[in-house]
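A closer look at the structure
Okay, here's what each chain looks like letter by letter:
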Amino acid sequence: MGEKKKKLLIIGASGHGKVVADIAMKSGYEEIAFLDDDKYVKFCMGFPVVGTTDSIDDKEESDVVVAIGNSVIREKLQQKLCDKGLNVVTLIHPDAVIGQEVSIGIGTVIMAGTVINPGTKVGKGCIINTGATVDHDNEIGDFAHVSVGSHLAGTVRVGERSWVGAGAVVSNNITICADCVIGAGAVVVRNIDKQGTYIGVPANVVQ
């Protein structure tokens, strides 16, 4: 009997889903399919869209990952999958650099060119996007998103569901509370303890 093929079901057939599928292929998955609630989408990256999120019960033989950028929706769907006992997986691009004593939660996706240095804890359902750097002893809360080309210095705390925008920089020893948006190119030099959207250099809340 031949070895069982690795199967992955990706929830979300969008641009983000394409990147996740690419990582999956490089990680040895041989059979990939998507679920998406847009019934007009039939294929993504050449792989079939086989149903909507309501049909997840029919796919229990596959590993599964949520590829949706919205952190609230991502959290809701991943929790649903876990409640059903499905095998939610973590995906790490082979060109990412992961240091010693780094922990990464289930459902997190680490993109190409990312560097995560020692002592860092990345929660579940996170996105650490292309070319981002996360230095030593960081703590990235569940379902947070560290965007393309952003840089977190040492001992940074990013709260649950917060989004660090593309090219943003967070100075060392900074804490960002949950449910914040840090705008693209912003520079965070002070703790952020109030939910909101922060932009500029230095970053300030949008009034």
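This is a predicted model, so every value here is computed, not measured.

Below, the discussion takes up helix H2 (residues 71-83). Helix length check: H2 (13 residues) gives 18 Å between terminal C-alpha atoms against 18 Å at 1.5 Å per residue, within 8%. Along H2, the residues that are buried comprise Ser71, Arg74, Leu77, Gln78 and Leu81. Across the axial projection of H2, the buried residues extend over an arc of 130 degrees, all falling on one side. Residues of H2 that are exposed and point over 90 degrees away from its buried face: Val72, Lys76 and Asp83. Buried residues belonging to H2 abut strand E1 (7-11), strand E5 (63-66) and strand E12 (127-128). Immediately beyond the C-terminal end of H2, within one or two residues, lies Gly85, with a positive phi of roughly 80 degrees.

On to unusual backbone geometry. The step from Val201 to Pro202 runs through a cis peptide bond, and the omega angle for that step is -5 degrees. Inspection of the secondary structure puts Pro202 in the loop between strand E23 (197-199) and strand E24 (204-205). One non-glycine residue, Met45, lies in the positive phi region at around 55 degrees. Within the secondary structure layout, Met45 lies in the loop between strand E3 (43-44) and strand E4 (47-48). Even without being a glycine, Asn173 presents a positive backbone phi close to 65 degrees.

This paragraph deals with the UniProt feature "site: Increases basicity of active site His" (unreviewed entry) in the chain. Sites flagged by UniProt as "site: Increases basicity of active site His" (unreviewed entry) map to Asp137. Among the structural elements, Asp137 can be located in the loop between strand E13 (133-134) and strand E14 (139-140). Excluding its chain neighbours within four sequence positions, the residues that come into contact with Asp137 are Pro118, Gly119, Thr120, Thr155, Val156 and Arg157. Here His136 takes part through its side chain, which lies 2.8 Å from a polar atom of the side chain of Asp137.

The subject of this paragraph is the packing of aromatic side chains. Summed over all chains, the structure comprises 0 aromatic pairs. Between Lys6 and the ring centre of Tyr29, over which it is positioned, the NZ or CZ distance is 4.3 Å.

With respect to the helices, strands and loops of the structure, Asp63 is situated in strand E5. The class of Asp63 is buried, set by a relative accessible area of 19%. Distance from Asp63 to Lys39, taken between C-alpha atoms, is 22 Å for residues 24 residues apart in sequence. With residues near it in sequence (within four places) discarded, Asp63 still touches Lys7, Leu8, Leu9, Tyr29, Asn87 and Val89.

A word on the state of the cysteines. Counted according to the given criterion, the structure contains 0 disulfides. The thiol of Cys177 is unpaired, and the distance to the nearest cysteine sulfur, on Cys180, comes to 3.5 Å. According to the relative accessible area criterion, Cys177 is buried, its value standing at 17%.

Here, the residues flagged by UniProt with the feature "binding site: substrate" (unreviewed entry) are Ser14, Gly15, His16, Asp36, Asp37 and Gly69. Tracing the chain through its elements places Gly15 in helix H1 (residues 15-26). Classification of Gly15 by relative accessible area gives partly exposed; the value is 45%. The topology assignment puts His16 in helix H1. With relative accessibility at 15%, the residue His16 sits in the buried group. With residues near it in sequence (within four places) discarded, His16 still touches Ala67, Ile68, Gly69, Met111 and Ile127.

Glancing now at the sheet that holds strand E21 (residues 181-182). What the 8 strands build is an open sheet, ordered E6-E9-E12-E15-E18-E21-E23-E24; its pairing is mixed. Each end of this open sheet is capped by a strand with a single partner; those strands are strand E6 (91-92) and E24. Here 2 bridges tie E6 to strand E9 (residues 109-110), and the two strands are oriented parallel to one another. In the sheet register, Ile92 faces E9, and the bridge partner there is Ile110.

Parameters at a glance
- Residues numbered from 1 in each chain as written.
- Predicted model: local features only at pLDDT ≥ 70, side-chain atom pairs only at ≥ 80, totals over all residues.
- Heavy atoms only, no water.
- Helix = DSSP H or I, 4+ residues; strand = E, 2+ residues; numbered from the N terminus.
- Expected span 1.5 Å × (residues − 1).
- Buried < 20%, exposed > 50% of the residue type's maximum accessible area, 1.4 Å probe, protein only.
- Arc of directions from axis to C-beta.
- Contact = heavy atoms within 4.5 Å.
- UniProt positions renumbered as here; feature names shortened; annotations may be inferred.
- Polar contact = N/O pair within 3.5 Å; in protein donor to acceptor, adjacent residues only side chain to side chain.
- Phe/Tyr/Trp six-rings, centres within 6.5 Å; stacked < 30°, edge-to-face > 60°.
- Lys NZ or Arg CZ within 6 Å of the ring centre and 35° of its normal.
- Disulfide = S-S within 2.5 Å.
- Pairing = 2+ DSSP bridges.

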